[in-house]
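Next come the chains, spelled out residue by residue.
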Amino acid sequence: MGSVTSRHSFVRCVMWTMVMLGASQAQAASSVLIWPIDPVLEADQQASALWLENRGSETANLQIRVFGWSQSGFAEQYQNQRDVIGSPPVAKIEPGQKQLVRLTRTKDVPPGQELAYRIIIDEIPSAQPATADGGKTAAAIRFQMRYSVPLFAYGAGLWSKEDSTRARDPKGVGLPQLSWRTVAVDGKPYVEVRNQGAVHARLTDVAIKQAGQSRPLAEGLLGYVLPGAVMRWPAPGPLAGDSALQVRVNGAPQVQSITPAK
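What counts and how
- Residues numbered from 1 in each chain as written.
- Predicted model: local features only at pLDDT ≥ 70, side-chain atom pairs only at ≥ 80, totals over all residues.
- Heavy atoms only, no water.
- Helix = DSSP H or I, 4+ residues; strand = E, 2+ residues; numbered from the N terminus.
- Buried < 20%, exposed > 50% of the residue type's maximum accessible area, 1.4 Å probe, protein only.
- Contact = heavy atoms within 4.5 Å.
- Areas by Shrake-Rupley, 256 points an atom, 1.4 Å probe, with all protein chains shown as cover.
- Pairing = 2+ DSSP bridges.
- Axes fitted to C-alpha atoms, helices over the stretch in contact; angles between N-to-C directions.
- pLDDT = per-residue confidence, 0-100.
- Polar contact = N/O pair within 3.5 Å; in protein donor to acceptor, adjacent residues only side chain to side chain.
- Phe/Tyr/Trp six-rings, centres within 6.5 Å; stacked < 30°, edge-to-face > 60°.
- Lys NZ or Arg CZ within 6 Å of the ring centre and 35° of its normal.
- Core = buried A, V, L, I, M, F, W, Y, C linked by side-chain atoms within 4.5 Å.
- Salt bridge = Lys/Arg side-chain N within 4 Å of Asp/Glu carboxyl O.

## A closer look at the overall build of the protein
No. 1: Secondary structure summary: the protein contains 0 helices and 20 strands in total.
No. 2: Per-residue burial for the protein yields a buried fraction of 41% across its 262 residues.
No. 3: In the protein, once contacts between residues fewer than 6 apart in sequence are set aside, the share between residues at least 24 apart is 72%.
No. 4: Counting only carbon and sulfur atoms, one obtains 51% of the accessible surface of the protein, whose full area is about 14,000 Å².

In structure tokens, the structure reads:
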């Protein structure tokens, strides 16, 4: 089984420039709205739905792939897999139209475990050159869009995402178990976060509190720490021994302080 390494640690839109013939201006071929942004496959679900909507003015040609997602060496790792299949694998969506992508599992998740995946949606740019006035062609830049959406699948006896439409056993709720420490790499300070819990931790609004002052590490999304993984991010300067790491975990209403590693 092949593997793909990626630096994408959270849901983001990546823009790649591709030089093609056409008018000498930047053009975005389409704008794709994706929902939900946090799909899950519950233990009793064989499939889940992801919707793609073309909000742009041109036809969107998209390729949909699902990769296994793990973390090792403080980096994101993507692996080819066949346990979850996205269908259709290619979609052509006209402006204003929507497309349902069915995420189907072909293999059960072991009881009490969470498995992570990334849904990678690539825009396939048109090969036709644009024509300038008078029928002449000129250099142009078009943008190829890449969307990365996290997907989590659960085994029997475990759940993480609140869902008012289904009964939940409180004993089955999975929680991340986080600790942190500061490390120096090549003389530069880093914040290192370990997750020893059963489910992932999505870290947002992260700040370091030191000497009565708070310095933001990330005002929005910092990234994810998967179960059993350790991730590392640059610190906003030297850190004292009495520093505290404050973070919002998995969209919780309250910011919490993470326990320092012993």
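## Focus: the sheet that holds strand 15 (residues 188-195)
The strands making up a sheet are joined through hydrogen bonds of the backbone, oriented either antiparallel or parallel.
No. 1: Across the sheet, which stays open at both edges, the 7 strands sit in the order 17-16-19-20-14-15-18 with mixed pairing between neighbours. With one partner strand each, in any of the chains shown, strand 17 (213-225) and strand 18 (230-234) form the two edges of the open sheet. Within this sheet the neighbouring strands show an average axis-to-axis angle of 35 degrees, counted without direction.
No. 2: Summarising the sheet, strand 15 and strand 18 pair through 5 bridges and their orientation is antiparallel. From the neighbouring strand, valine 193 faces strand 18, where its bridge partner is methionine 231.

## Topic: the confidence of the model for the protein
No. 1: Per-residue confidence for the protein gives a mean pLDDT of 86, with 82% of residues at or over 70.
No. 2: pLDDT under 50 marks residues 5-29. Its contacts with residues more than four places away, or in other chains, come to 88 contacts.

## Looking at the environment of aspartate 163
No. 1: You can see aspartate 163 is positioned in the loop between strand 13 (139-154) and strand 14 (178-185).
No. 2: Judged by its relative accessible area of 24%, aspartate 163 falls in the partly exposed class.
No. 3: Among the polar contacts listed, one links the side chain of aspartate 163 to the side chain of threonine 165, at a separation of 2.6 Å.

## Let's talk about the sheet that holds strand 9 (residues 84-87)
No. 1: Reading across the sheet, the 4 strands line up as 4-6-11-9 and stay open at both edges, with antiparallel pairing between neighbours. Of all strands in the sheet, those with a lone pairing partner are strand 4 (32-35) and strand 9, marking the two edges. Each strand axis lies, on average, 20 degrees off the axis of its neighbour in the sheet, ignoring direction.

## Some points on the packing of aromatic side chains
No. 1: Within this structure, the stated rule accounts for 5 aromatic pairs.
No. 2: Residues phenylalanine 152 and tyrosine 224 carry aromatic rings whose centres are separated by 6.2 Å and whose planes lie at 40 degrees to one another, so their mutual orientation is tilted. Pair noted here: phenylalanine 152 is in strand 13 and tyrosine 224 is in strand 17, with a separation of 72 residues, a long-range link.
No. 3: The class for phenylalanine 152 is buried, based on a relative accessible area of 5%.
No. 4: Here the aromatic residues Trp69, Phe152 and Tyr224 are joined through ring pairs into a cluster of three or more.
No. 5: The side chain of lysine 98 reaches across the aromatic face of tryptophan 51, ending 5.9 Å from its centre.
No. 6: Sitting above the plane of the phenylalanine 74 ring, arginine 232 keeps its charged end 3.6 Å from the centroid.

## A look at unusual backbone geometry
No. 1: A cis amide bond links tryptophan 35 with the next residue in sequence, proline 36, at an omega value of -5 degrees.
No. 2: Following serine 87, the chain continues to proline 88 via a peptide bond in cis, the omega torsion being 5 degrees.
No. 3: With respect to the element layout, proline 88 can be found in the loop between strand 9 and strand 10 (90-93).
No. 4: Positive phi values are uncommon outside glycine, yet asparagine 250 reaches one of about 55 degrees.
No. 5: Residue placement: asparagine 250 occurs in the loop between strand 19 (244-249) and strand 20 (256-260).

## As for the nonpolar core
No. 1: Val191, Val193, Leu203 and Leu245 are the most contacted members of the largest nonpolar core, which has 33 residues in total.
No. 2: In terms of residue count, the dominant contributor to this core is strand 17 (5 residues).
No. 3: In contact with valine 191, not counting residues within four places along its chain, are Trp180, Arg181, Ile208, Leu217, Met231, Arg232, Trp233, Ala235, Leu239 and Leu245.

## Describing the pattern of salt bridges
No. 1: Across all of its chains, the model carries 10 salt bridges by this definition.
No. 2: The salt bridge involving lysine 161 is made with aspartate 38; its shortest N-O contact spans 3.2 Å. Pair noted here: lysine 161 is in the loop between strand 13 and strand 14 and aspartate 38 is in the loop between strand 4 and strand 5 (40-41), with a separation of 123 residues, a long-range link.
No. 3: Among the ionic pairs, arginine 55 bridges to glutamate 53, the shortest N-O distance being 3.1 Å.
No. 4: Relative accessible area serves as the criterion here: at 55%, arginine 55 is assigned to the exposed category.
No. 5: According to the relative accessible area criterion, glutamate 53 is buried, its value standing at 14%.
No. 6: Salt bridges sharing common partners tie together Asp44, Asp163 and Arg166.

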